[in-house]
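Topology and contacts: notes
Here is how the chains run, residue by residue.
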Amino acid sequence: MLPGVYKAEKKDKTTYYRSSITFKNKHISLGSFSTEKAAHLCYLEAQRFLTNKHCNLETHSKYLSFKKKVSILNFRDNGIYSKTPIYMYRKFFHYYFGQDDYYIFDIDDLFYYSNHSIMRRGGHLFVNDYGMQVNILSRYGIKNYGVPGRDFNFVNNNNRDFRYENIQIINRFNGVFKKNVDGKTVYETVINITNDFIVGRYTSESVAAIAYNRAASILILKGYEKKYSVNYIEDLTKDEYKKIFDNVDISPKILALPPIN
């Protein structure tokens, strides 16, 4: 076989060729190909990227996938190989989807994203974690499907920059929205039934979150089957939480809704 090429067989007995390379005692799989020649050319291309310092992320690769190119260039330049398309800088790294399509993360997140591939769906970013799809916003304390400009802000206005210093959380809890009314900050609680209902307005974010929980509890008892996400308020004791839950005012419209048979 040509250098860097290994013959393999699929379950249906079809022959294919795998390409790999060893660099600095690291064995790197490069991909699978239908011909021995293509697998060998990928090996040669990887060898060029690993040994020629003039090759960089902008250098065209014909046989080597873009994501694999990122991984081997990061290994060449920074000494760390990741199966995910990461390129490291001093205090941050880029996670690549394409040449000019990448996200910026703090170096503290390197281990996590070296072991979790990012997926995109409907403008949201997810990883598979313990068999579940987890929105990466949860790492910042932002609720699932948080909306930029409503639930959080990118401080430098770059919506690809997920460094912690660039994430400003506005609304931490489900159904709670920070607003300015007559020059005062209030927290408006909204819950969806068939349409959005205003539960109430509160001076405390925690109280507004508990009001959402109470409204959701009432609706569930009335037979509404919508799945409401519970707000967890970590800075309250069990007794403090119960006292607020039992006494917080919520909209009479919610209390007056008839049970669903």
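Going by the structure above, here's the rest.
What comes next concerns the included structure. Since this is a predicted model, take the numbers as computed values, not measurements.

**So, the packing of helix 1 (residues 36-51) against helix 2 (residues 66-78)**
In contact at an axis separation of 9 Å, helix 1 and helix 2 are set at 35 degrees when each is read in the N-to-C sense. Crossing angle aside, the handedness with which helix 1 passes helix 2 is right-handed. Taking contact as the criterion, the partners of Ala 46, Phe 49 and Leu 50 in helix 1 are, on helix 2, Lys 69, Ile 72, Leu 73 and Arg 76. Among the residues forming the contact of helix 1 with helix 2, the class breakdown is five nonpolar, no polar and two charged.

**Comments concerning the nonpolar core**
Grouped together as the largest cluster of nonpolar side chains are 25 residues, with contacts concentrated most on Ile 21, Ile 28, Leu 30, Leu 64 and Ile 72. Sorting the residues of this core by element identifies strand 2 (15-23), strand 3 (26-33), helix 1 and helix 2 as the ones contributing at least two each. Considering each element in turn, this core owes the most residues, seven residues, to helix 1. When near neighbours in sequence (up to four residues on either side) are disregarded, Leu 30 contacts Ser 19, Ser 20, Ile 21, Cys 42, Tyr 43, Ala 46, Leu 64 and Lys 68. Of all hydrophobic cores here, the second largest spans 23 residues; its members include Ile 191, Tyr 202, Ile 210 and Val 248.

Rules behind the numbers
Residues numbered from 1 in each chain as written. Predicted model: local features only at pLDDT ≥ 70, side-chain atom pairs only at ≥ 80, totals over all residues. Heavy atoms only, no water. Axes fitted to C-alpha atoms, helices over the stretch in contact; angles between N-to-C directions. Helix = DSSP H or I, 4+ residues; strand = E, 2+ residues; numbered from the N terminus. Left-handed = near helix turned anticlockwise from the far one by under 90°. Contact = heavy atoms within 4.5 Å. Nonpolar A, V, L, I, M, F, W, Y, C, P; charged D, E, K, R; others polar. Core = buried A, V, L, I, M, F, W, Y, C linked by side-chain atoms within 4.5 Å. Buried < 20%, exposed > 50% of the residue type's maximum accessible area, 1.4 Å probe, protein only.

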